[in-house]
Structure formats: C-alpha cells, structure tokens
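Inside the fold
Chain by chain, the residues:
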Amino acid sequence: TQLLEQSPQFLSIQEGENLTVYCNSSSVFSSLQWYRQEPGEGPVLLVTVVTGGEVKKLKRLTFQFGDARKDSSLHITAAQPGDTGLYLCAGSNTGNQFYFGTGTSLTVIP
Amino acid sequence: DSGVTQTPKHLITATGQRVTLRCSPRSGDLSVYWYQQSLDQGLQFLIQYYNGEERAKGNILERFSAQQFPDLHSELNLSSLELGDSALYFCASSVRGLNSPLHFGNGTRLTVT
C-alpha cells in the first residue's frame, strides 16, 4: 500500500486568512490529484498535477507537485466560508490505481 | 453532478445480513472503483474493474465481492455484515488513460445494527 500523509488533520481559521495543506509520501506517483469533499457528497476533483515541480493556480488555490513527485501542497489565499470541507490528496500510479491521503478537514469561520 | 449514480443512498440492515450496492459509471468510462470511507479509516480502496475485468484489489474483505457487468455498471456485495462494516461506500469511474482522475458518486451510507 502506498501511503499518503496529510497535515494538518484539522484546521479552523478565520475568513480572510491564508493556509497551506501538505501531502507527503515516500512513494513516487505518476500524478497527484486534489479533491474536496462536502458532507453527504462524494469527493470532487480540484486539480491534477503531473510534472515534478509543477505549480497550478485555480483562483485563490495554488497547488504544487514536489520535484521528486512524492509530495504536494495546497495553498489557499484569503479563505472564505465556502472553502470549508474535507481536502483529500490522491496519488496515482501507472496502473491507474489511486491512493488517498488521510484528509484535512478545513473550517473557515465567517 | 459527476454523472456517477449510486443506489441506494441509505441502507440499514442487521448483522449477519447481505446487501448489494449498485453503481452506474459516467457515460464512456470503462473503469470503476469502489472505496469505503469511515471516520477512523479515511477513504480506503477496495477494488478496481476495467471493462468487466478485475484490475486491482485493495483492502477488500473476503466477505465482500464485486463485479462489473457488460453494460459497465458494477455491484458491490457485502455479506455476513458486522457492525464495523457501517460506513460510506463510494463508487468512482474514470476513462482509460494515465492520470485520468476519478469521478465519484454520492455514496451509499450503510448502517449495520
């Protein structure tokens, strides 16, 4: 099993603050995805990163894939209550198998 | 709407019973994945199918089985249910191709009493 550790596990911040979530593994992945899950729903894809060192921006969200393709980070600028949810990273290998991180539960307080 | 349909949404049953969870993948997706999500275990990979054939197995118990049919829908069968099997069960689908992401259904919440 290829394990991905996410930190922090829980995060509660005020609206307008910045935050970073980390996803670390000892395994190399062919790609890494970030998903957000809201209560009662399935995870929804936010982004896929493929190239080591790649940085992708999605409005206030910035995703980075580590140079060695073992780790990733998600940075949110000026968090809003609508950002509240469970953030999951997932690494995929060449067999298209997906291994999910332990999750980061984010609460943004208005 | 992800295009992945799971039924039923909720299922309440007793220990020792058997249930079947159903998943219809997005149109055109040949791969189907099953995941179990519980509070203390996170999202655990159970099994993957591609075009009717089993491709990979994860932490799936022997009491659980799955299959993918010619029309590409999939079923997950859970038998001899135990209290610890209570969880959210998600189905996801993807197109074939390296790095294609997963599209999840909204899950089936199973409660074993």
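As shown above, the structure is provided for reference.
My aim in this report is to walk through the structure given alongside it, one point at a time. (Residues numbered from 1 in each chain as written. Chains lettered and ligands numbered in written order. Predicted model: local features only at pLDDT ≥ 70, side-chain atom pairs only at ≥ 80, totals over all residues. Heavy atoms only, no water.)

**Section: the sheet that holds strand E8 (residues 74–78) of chain B**
All names here are of chain B. Rules: The rule for pairing is simple: two strands pair if DSSP sees at least two bridges between them. Numbering of helices and strands runs from the N terminus, with a helix taken as a DSSP run of H or I at least four residues long and a strand as a DSSP run of E at least two residues long. The axes used here are C-alpha line fits, helices contributing only the stretch in contact, and every angle between their N-to-C directions lies in the interval 0 to 180 degrees.
Strand order in the open sheet formed by four strands is E1-E3-E8-E7, and the pairing between neighbours is antiparallel. Each edge of the open sheet is held by one strand with a lone partner, namely strand E1 (5–7) and strand E7 (64–68). Within this sheet the neighbouring strands show an average axis-to-axis angle of 15°, counted without direction.

**Examining the interface of chain A and chain B**
The following threshold applies: Between two residues, a contact is recorded if the distance between any of their heavy atoms is within 4.5 Å. By buried area we mean the combined loss of accessible area, with a 1.4 Å probe, across both parts when two parts are placed together. When a carboxyl oxygen of Asp or Glu is within 4 Å of a side-chain nitrogen of Lys or Arg, the pair counts as a salt bridge.
Between chain A and chain B, the residue contacts involve 22 residues of the former and 20 residues of the latter. Buried area between chain A and chain B, both sides added, is near 1600 Å², and the carbon and sulfur share of it is 53%. When the area that chain A buries against chain B is broken down by residue, the three leading residues are Asn96, Phe98 and Phe100 of chain A, summing to 34%. Here chain A is connected to chain B by zero salt bridges.

**Observations regarding the sheet that holds strand E1 (residues 5–7) of chain A**
All names here are of chain A. Reading across from one edge, E1-E3-E8-E7-E6 is the order of the five strands in this open sheet, with antiparallel pairing throughout. The sheet is open, and its two borders are formed by E1 and strand E6 (55–58), each paired with just one other strand. Averaged over all adjacent pairs, the angle separating strand axes in this sheet is 15°, with direction ignored.

**Quick notes on the pattern of salt bridges**
Rules: Exposed residues in this analysis have more than 50% of their type's maximum accessible area, buried residues have under 20%, and partly exposed residues fall in between, with area computed by a 1.4 Å probe over protein chains only.
Overall, the coordinates contain six salt bridges over all chains when judged by the stated rule. Across the pair Arg36 of chain A and Glu38 of chain A runs a salt bridge whose closest N-O atoms are separated by 3.9 Å. The partly exposed category is assigned to Glu38 of chain A, whose relative accessible area is 35%. A salt bridge links Asp29 of chain B to Arg26 of chain B, with the nearest nitrogen and oxygen atoms 2.9 Å apart. Salt bridges linked by common partners bring Arg63, Glu82 and Asp85 of chain B together as one network.

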